[in-house]
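Residue strings, one per chain:
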Amino acid sequence: VQLQASGGGLVQAGGSLRLSCAASGRTFSSYAMGWFRQAPGKEREFVATISWSGGSTYYADSVKGRFTISRDNAKNTVYLQMNSLKPEDTAVYYCAAAGDRGKLHRGWPDYWGQGTQVTVSS
């Protein structure tokens, strides 16, 4: 599976962005998907995951209520809608895929996409 993230950019605090991650291959619907982020000088951290069907989602406390992860298996794409953005959300955002969703929660996905930069100005 190859993952291509897009949609990052510069936004003011309080604004919104939607990230997309397009996956190659015909087995996308069999993978749990997730988003991670890495701020300058910090370790990569978990943001959100979604089950293969889209019926179950899980969020880091820092983004709960502001971010929404979703997927469209017909388009082989997972999304991250980010609202009420804060300067501390500034990071490179990565999408990831795993056959076992628990591996995403442990930070050990089967596949990583390249990152997309999100910068939130105050």
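Definitions and limits used
Residues numbered from 1 in each chain as written. Predicted model: local features only at pLDDT ≥ 70, side-chain atom pairs only at ≥ 80, totals over all residues. Heavy atoms only, no water. Buried < 20%, exposed > 50% of the residue type's maximum accessible area, 1.4 Å probe, protein only. Helix = DSSP H or I, 4+ residues; strand = E, 2+ residues; numbered from the N terminus. Pairing = 2+ DSSP bridges. Phe/Tyr/Trp six-rings, centres within 6.5 Å; stacked < 30°, edge-to-face > 60°. Disulfide = S-S within 2.5 Å. Polar contact = N/O pair within 3.5 Å; in protein donor to acceptor, adjacent residues only side chain to side chain.

Q: Pulling in residues and values, what's your account of the pairing of strand β1 (residues 3–6)?
A: Here β1 shows a clear split, with Leu3 and Ala5 buried on one side and none of Gln4 and Ser6 buried on the other. Inspection of the sheet shows β1 paired to strand β3 (residues 17–23) by four bridges, in the antiparallel sense. Within β3, the position partnered with alanine 5 by the bridge is cysteine 21.

Q: Tell me about the packing of aromatic side chains, and please be specific about residues and values.
A: Following the criterion strictly, the structure yields five aromatic pairs and no others. Each ring, one from tyrosine 31 and one from tyrosine 111, has its centre 5.8 Å from the other, and the planes form 75 degrees; the classification is edge-to-face. In this pair, tyrosine 31 sits in the loop between β3 and β4 (32–38) while tyrosine 111 sits in strand β10 (residues 111–112), placing the two residues 80 residues apart along the sequence. Residue class for tyrosine 31 comes out buried when judged on its relative accessible area of 15%.

Q: An account of the state of the cysteines is requested, with residue identities and associated values reported.
A: In total, this model carries one disulfide according to the counting rule given. Disulfide pairing is shown between cysteine 21 and cysteine 95; the S-S distance is 2.1 Å. Residues cysteine 21 and cysteine 95 are joined by a disulfide whose S-S torsion is about 60 degrees; by sign, that bridge is right-handed. On the criterion of sequence distance, the pair formed by cysteine 21 in strand β3 and cysteine 95 in strand β9 (residues 91–98) is long-range, its members being 74 residues apart. On the basis of relative accessibility, which here comes to 0%, the residue cysteine 21 falls in the buried class. On the basis of relative accessibility, which here comes to 0%, the residue cysteine 95 falls in the buried class.

Q: Can you explain the side chain of arginine 37? Please cite residues and give values.
A: Looking at the element boundaries, arginine 37 is found in strand β4. A polar contact is formed between the side chain of arginine 37 and the side chain of serine 62, at a distance of 3.5 Å. In terms of polar contacts, arginine 37 uses its side chain to reach the side chain of tyrosine 93, at 3.0 Å.

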